[in-house]
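An overview of the molecular structure
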Amino acid sequence: MFADEDNITELAVQRWATAHSPRLGELMTALVRHLHAFAAEVRLTEDEWAAAIQWLTDAGQTCDDKRQELILASDVLGLSMLVVQLNNRFTPEATPATVLGPFHVDGSPTVPHGFDMSEGLPGTPLYITGKVTDTGGKPLANAVLDVWQADADGAYEAQLPEIDEARLRAKYRTREDGSYCVRTIAPRGYAIPMDGPVGDLIHRTDISWFRPAHIHFLIDEPGHRKLITHLFQEGGDYLDSDVVFGTKDPLIVRFTERPAGTAPDGDPVGEPYLHATYDFVLQPE
Ligand code: BEZ
Ligand code: FE
């Protein structure tokens, strides 16, 4: 049978239903149905189709080992966060997950309790302390918190050429009672990369291209669901308009101003600092 406007969707679905794996068949037939429905709904013109292909081509060509424009596209369309929600349905007591983002770097150095991962970069000192427990309240000893953030200009290590040692990223281990102490600098809200095809598209809308100030955490503790999340600064800009839809109420924490004197880990601190407390709660497998 030859294709016409009325039967082409069903013909393409039948063809892709021959996929050797049932899951691939499910994915591809649903994709064909939704793509065809989209084109039919908006009566896609040939020029628009060509522009979309050009945009995808440009987005692909913008990617390299440090930049992933297609993930950024997924982020700003809300797709990344939808996939996070679908796959991380924890109980309400557990710390919620949010987007990984493109700037996580594997292999951060393991550092001692209270270590300053900003190592002299400009910014207001920030201590984050708390515990890692399971949803039953049991403290998790020796759990690893992989932490990363942008600098005071909103740049991640992965965006800076010529950086060959860890910058604003480190792994902290919890003590016997599940406690941890991170020392860093206060994060700032920042713009996502806007000099590529995603930025071109956003510039043609009223969408804000900023993320609220946050610090990333990844805790992958055996016997528990892996937790990828952020902590956001209470009262910061862009909390209600996060361009990647990553903000969640339980992840917003107060950064309390403290005078110089004694840091939360008992060490002396020579300047005023900020202190945030947060207990990460992991869902058992
Ligand atoms: C981030 O938080 O690092 C991030 C997430 C999504 C897109 C861009 C940046
Ligand atoms: Fe970030």
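See the structure above.
Note that the structure is predicted; figures quoted are calculated from it, not measured.

Structural notes on the coordination of the iron ion (ligand 2)
Six octahedral donors around a metal ideally sit at 90 or 180 degrees from one another, while four tetrahedral donors ideally sit at 109.5 degrees. At the metal site, the iron ion (ligand 2) is ligated by Tyr156 (OH), Tyr190 (OH), His214 (NE2) and His216 (NE2), and these contacts range over 1.8 to 2.2 Å. The site at the iron ion (ligand 2) holds six donor atoms, and with the angles between them running 53 to 166°, its shape is irregular. Between consecutive donor residues of the iron ion (ligand 2), the sequence gaps follow Y-x33-Y-x23-H-x1-H. Residue Tyr156 is found in the loop between strand E3 (144–148) and strand E4 (169–173), and its partner His214 is found in strand E8 (residues 214–219); the two are separated by 58 residues along the sequence. On the accessibility criterion, Tyr156 (2% relative accessible area) is buried.

Things to note about the site of ligand 1
As a structural note, the neighbourhood of ligand 1 is formed by Leu72, Asp75, Gly101, Pro102, Phe103, Tyr156, Tyr190, Ile192, Arg211, His214, His216 and Val244. At a separation of 2.7 Å, an oxygen atom of ligand 1 approaches a polar side-chain atom of Tyr190. A distance of 3.0 Å is found between an oxygen atom of ligand 1 and a side-chain nitrogen or oxygen belonging to His214. Across the complex, the protein chains shield 100% of the 270 Å² of accessible surface that ligand 1 would expose by itself. Contributing elements (two or more residues each) for the shell around ligand 1: helix H4 (69–76) and E8. Grouping the constituent residues of the shell around ligand 1 by class yields seven nonpolar, three polar and two charged.

Here's the deal with the packing of helix H1 (residues 8–16) against helix H2 (residues 22–42)
Where H1 meets H2, the axes come as close as 8 Å, and the angle between the chain directions of the two elements is 165°. Between H1 and H2, the crossing angle belongs to the class labelled roughly antiparallel. In this structure, the crossing between H1 and H2 has a hand that is right-handed. Every residue of H2 that contacts H1 at Ile8, Thr9, Glu10, Ala12, Val13 and Trp16 is listed here: Gly25, Met28, Thr29, Val32, Arg33 and His36.

As for H4
Across the eight residues of H4, six count as buried, placing the element largely inside the fold. When H4 is considered as a whole, its buried residues turn out to be Glu69, Leu72, Ala73, Ser74, Asp75 and Val76. For H4, the secondary structure elements touched by its buried residues are helix H3 (46–62), helix H5 (79–87) and helix H6 (197–202). Regarding H4, its N-cap is Gln68, as a side-chain oxygen of that residue lies 3.0 Å from the backbone nitrogen of Leu70 further along.

Some thoughts on the pattern of salt bridges
Pairs can form between side chains of opposite charge once their charged atoms are near each other. Applying the stated criterion across every chain yields a total of eight salt bridges. Between Glu157 and Arg169 there is a salt bridge, with the nearest N and O atoms lying 2.6 Å from each other. You can see Glu157 sitting in the loop between E3 and E4 and its partner Arg169 sitting in strand E4, a full 12 residues away along the chain. Just as Glu157 is buried, Arg169 falls in that class too. Of the charged contacts in the structure, one is a salt bridge between Arg254 and Glu234, with a shortest N-O distance of 2.8 Å. Of this pair, Arg254 sits in the loop between strand E10 (252–253) and strand E11 (256–258) while Glu234 sits in the loop between strand E9 (227–233) and E10, placing them 20 residues apart in sequence. Through salt bridges with shared partners, a single network forms among Arg67, Glu69 and Asp195.

Thresholds, definitions, all that
Residues numbered from 1 in each chain as written. Chains lettered and ligands numbered in written order. Predicted model: local features only at pLDDT ≥ 70, side-chain atom pairs only at ≥ 80, totals over all residues. Heavy atoms only, no water. Donors = N, O, S within 2.8 Å, 3.2 Å for Na, K, Ca; no water. Tetrahedral: all angles 85-135°; square planar, octahedral: opposite > 155°, others 65-115°. Helix = DSSP H or I, 4+ residues; strand = E, 2+ residues; numbered from the N terminus. Buried < 20%, exposed > 50% of the residue type's maximum accessible area, 1.4 Å probe, protein only. Near = heavy atom within 4 Å. Polar contact = N/O pair within 3.5 Å; in protein donor to acceptor, adjacent residues only side chain to side chain. Areas by Shrake-Rupley, 256 points an atom, 1.4 Å probe, with all protein chains shown as cover. Nonpolar A, V, L, I, M, F, W, Y, C, P; charged D, E, K, R; others polar. Axes fitted to C-alpha atoms, helices over the stretch in contact; angles between N-to-C directions. Parallel < 35°, antiparallel > 145°, perpendicular 65-115°, else oblique. Left-handed = near helix turned anticlockwise from the far one by under 90°. Contact = heavy atoms within 4.5 Å. Salt bridge = Lys/Arg side-chain N within 4 Å of Asp/Glu carboxyl O.

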